[in-house]
Amino acid sequence: MKPKIMILLGSASDFKIAEKSLEILEQLELAYDIRVASAHRTHEKVKQIVIESTHQGVEVFIGIAGLSAHLPGMIAANTHRPVVGVPVDVKLGGMDALFASSQMPFPAPVATVGIDRGDNGALLAAQIIGIHDETVRNRISKLRESYYKKVQRDESQLVGNVEGDYYAPNKIELPKIEKKVFHSLKTEEGADKEIPLVAVIPGSYSDMKIAKKTTMFLDRMGISYDMNIISPIRYPERFEDYMERMNEVKLFIAISGLSAHVTGAVVALSEKPVIGVPCPMRMGGLDALLSMVNMPPGVPVGTVGVGNGGNAAVLAAEMLGIENKDLEDRVKRLKSRSADFN
Ligand code: C2R
């Protein structure tokens with residue numbers, strides 16, 4: 001059995017967070033390897049592991065580190081495979097590691113998940129593999145179902161124990177609500193000919209400057225996409241309709257500022273990878289970054305740096321390039337030319 005996922009820890013002290021990843025990967029029956037190597041303390045070791053693992057067919061890397069977490073970024077510098085970053089709370093509530101992981105320069109994106117969210121890091125890695133592996137997609141779907149049932153279980157326990165003189169429960173007859181996600185397992189020959197690979201969803205016209213950076217690089221990479229400016233808060237029904245229409249795309253890129261509900265709304269309705277681009281409308285984009293990245297277990301958003309629409313496109317290309325040799329070569333060329341961007 002060859003590992004599809006390589007997990008690197010900056011230190012053995014990060015293992016408690018890595019354990020959450022391992023639990024998910026065991027449930028999803030995905031082969032992984034795990035090593036301890038620090039970009040700061042053992043620079044050469046990280047490089048060798050990443051280059052050799054890429055060569056041997058590892059499809060996704062997960063870098064787990066605290067403090068000035070340069071490990072995920074260094075992995076991204078040495079591979080054209082997608083890298084997921086899990087910031088660990090060692091100091092400053094993990095904000096130092098979150099910034100170090102997410103705020104990567106073009107074209108070396110790290111799909112950062114929430115602080116200490118080893119579970120979401122593994123789930124995002126599995127979703128990336130699921131782009132080309134139907135069995136993995138089915139297992140992810142079952143896992144999502146278990147989170148869905150957990151909410152129902154927790155609610156009935158909690159509500160059953162509420163006592164109070166003014167507690168006045170409303171008798172709302174809910175129809176049996178099924179888990180609602182729009183995703184498709186359709187793999188018919190030629191079915192995806194006219195279907196775009198990626199759906200790009202900016203929440204407002206004010207996000208267009210950043211969205212253009214994304215579409216410019218998608219165009220340059222030859223990746224087909226659909227784009228629709230649509231806010232799930234302002235137009236909830238239109239948003240759901242759009243998600244339903246886009247159920248054949250391989251992944252989503254959501255671009256949004258302020259409380260950035262766009263990414264959360266997309267991931268609630270899809271089990272495919274979601275890349276988030278926070279926009280700097282207020283607070284330098286910190287509000288949007290935190291709102292995107294700190295998702296609860298089961299619904300990861302791979303967040304790139306504030307305003308870095310270009311890195312979202314590179315990340316999408318890395319994800320889609322796992323099973324597409326032409327695209328893989330284009331990503332490799334882009335990354336090896338990265339000095340030109342200075
Ligand atoms: P120790 O417990 O070994 O002192 O490590 C580790 O990931 C860990 O969270 C403390 C913290 O330092 C982090 N570390 C990094 C890197 N190497 C170690 N962020 C790196 O290369 O980025």
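Values in this document were obtained by computation on a predicted structure and should not be read as measured data.

Brief notes about the overall build of the protein chain
Argument step 1. Of regular secondary structure, the protein chain possesses 12 helices and 10 strands.
Argument step 2. Computed over the C-alpha atoms, the radius of gyration of the protein chain is 20 Å, within 12% of the 20 Å expected from 2.2 N^0.38 for a compact globule of 342 residues.
Argument step 3. Referenced to the eigenvectors of the C-alpha coordinate spread, the extents of the protein chain come out at roughly 65 × 45 × 45 Å.
Argument step 4. Within the span of the protein chain, comprising 342 residues, buried residues form 48% of the whole.
Argument step 5. Long-range contacts, defined as pairs at least 24 residues apart, comprise 73% of the intrachain contacts of the protein chain with a sequence gap of at least 6.

A closer look at helix H11 (residues 309-320)
Argument step 1. Relative to the 16 Å expected for 12 residues at 1.5 Å per residue, H11 spans 17 Å between its end C-alpha atoms, a close match to the ideal helical length.
Argument step 2. Judged by how many residues are buried, H11 sits mostly within the fold: 12 of 12 residues are covered.
Argument step 3. For H11, the full list of buried residues reads Gly309, Gly310, Asn311, Ala312, Ala313, Val314, Leu315, Ala316, Ala317, Glu318, Met319 and Leu320.

Topic: the site of the ligand
Argument step 1. As a structural note, the neighbourhood of the ligand is formed by 17 residues, with Gly10, Ser11, Ser38, Ala39 and Gly66 the closest of them.
Argument step 2. In terms of residue class, the shell around the ligand is made up of seven nonpolar, eight polar and two charged.

A look at the pairing of strand S4 (residues 83-88)
Argument step 1. With respect to burial, S4 is a largely interior element, six of its six residues being buried.
Argument step 2. Neither face of S4 is open: one carries Val83, Gly85 and Pro87, the other Val84, Val86 and Val88, and all of them are buried.
Argument step 3. With helix H3 (residues 71-77) bridging strand S3 (residues 60-66) and the parallel S4, this β-α-β connection has right-handed handedness.

So, the domain arrangement of the protein chain
Argument step 1. Each assigned domain of the protein chain is listed here: domain 1 (5-130) and domain 2 (198-341).
Argument step 2. Each of domain 1 and domain 2 has a C-alpha centre, and these two points are 20 Å apart.
Argument step 3. On the domain 2 side, the residues contacting the 25 residues of domain 1 number 31 residues.
Argument step 4. For the side of domain 1 that touches domain 2, the secondary structure elements donating two or more residues are helix H4 (95-102), strand S5 (111-112) and helix H5 (118-130).
Argument step 5. Considering each element in turn, the side of domain 1 that touches domain 2 owes the most residues, six residues, to H5.

Digging into the packing of H5 against helix H6 (residues 134-160)
Argument step 1. For the pair H5 and H6, the least separation of the axes is 8 Å and the interaxial angle reads 140°. Between H5 and H6, the interaxial angle falls into the category oblique. Relative to H6, H5 is oriented so that their crossing is left-handed. Taking contact as the criterion, the partners of Ala126, Gln127, Ile129 and Gly130 in H5 are, on H6, Val136, Arg137 and Ile140.

Description of helix H2 (residues 43-56)
Argument step 1. Between the first and last C-alpha of H2 there are 20 Å, a value that for 14 residues agrees with the 20 Å anticipated at 1.5 Å per step.
Argument step 2. All of the buried residues in H2 are Val46, Ile49, Val50 and Ser53. On an axial view of H2, the arc spanned by its buried residues comes to 95°, and they lie on one face. Opposite the buried face of H2, by more than 90 degrees, sit the exposed residues Glu44, Ile51, Glu52 and His55.
Argument step 3. Close packing links the buried residues of H2 with strand S1 (5-9), strand S2 (32-36), S3 and H3.

Concerning the pairing of strand S6 (residues 198-202)
Argument step 1. In terms of burial, S6 is a largely internal element, five of the five residues being buried.
Argument step 2. On S6, burial covers both faces: Val198, Val200 and Pro202 on one face and Ala199 and Ile201 on the other are all buried.
Argument step 3. Both S6 and strand S7 (residues 225-227) contribute to a ladder of three bridges, which runs parallel. Pairing of Ala199 across the sheet is with Asp226, part of S7.
Argument step 4. Tracing the backbone out of S6, into helix H7 (residues 208-221) and back to the parallel element S7 gives a crossover that is right-handed.
Argument step 5. Sheet analysis places S6 next to strand S8 (residues 251-256), joined by five bridges and oriented parallel. The residue bridging Ile201 from the neighbouring strand is Ala254, located in S8.

Reading the values: rules and limits
Starting afresh in each chain, residues are numbered from 1 along the sequence in its written order. Local features in this predicted model are restricted to residues whose pLDDT is 70 or higher, and side-chain atom pairs enter the listing and the counts only when it is 80 or higher, whereas totals over whole chains, interfaces and linings include all residues. Helix and strand assignments follow DSSP, with helices taken as H or I runs no shorter than four residues and strands as E runs no shorter than two, numbered in order from the N terminus. Radius of gyration means the value over C-alpha atoms here, while the globule rule gives 2.2 Å times the residue count to the 0.38 power. Residues with at least 20 other C-beta atoms within 10 Å of their own are called buried, those with 12 or fewer are called exposed, and the rest are partly exposed. The C-beta atoms themselves are positioned from the backbone. C-beta atoms are placed from the backbone for every residue, and two residues are taken to be in contact when these atoms lie within 7 Å. In this analysis, the expected span of each helix is defined as 1.5 Å times one less than the number of residues it contains. Only the C-beta atom matters for nearness: placed from the backbone, it must lie within 6 Å of the molecule or strand for the residue to count as near. Polar here means any residue outside two lists: the nonpolar Ala, Val, Leu, Ile, Met, Phe, Trp, Tyr, Cys and Pro, and the charged Asp, Glu, Lys and Arg; Gly therefore counts as polar. Classification remark: right-handed applies to a crossover when, strands pointing away from the viewer, the course from the first strand over the helix to the second runs clockwise. Each domain's extent is set by a domain assignment, obtained either automatically or from a database. Between the N-to-C directions of two axes lies an angle of 0 to 180 degrees, each axis being a line fitted to C-alpha atoms and, for a helix, fitted only over the stretch in contact. Reported orientations rely on four angle classes, namely roughly parallel under 35 degrees, roughly antiparallel over 145, roughly perpendicular from 65 to 115, and oblique for the rest. Here is the rule for handedness: rotate from the far helix to the near one, and if that takes an anticlockwise turn smaller than a right angle the crossing is left-handed, while a clockwise turn gives right-handed. Picture the helix axis, draw a direction to every C-beta atom, and the arc is the one those directions span. In short, DSSP must find at least two bridges between two strands for them to pair.

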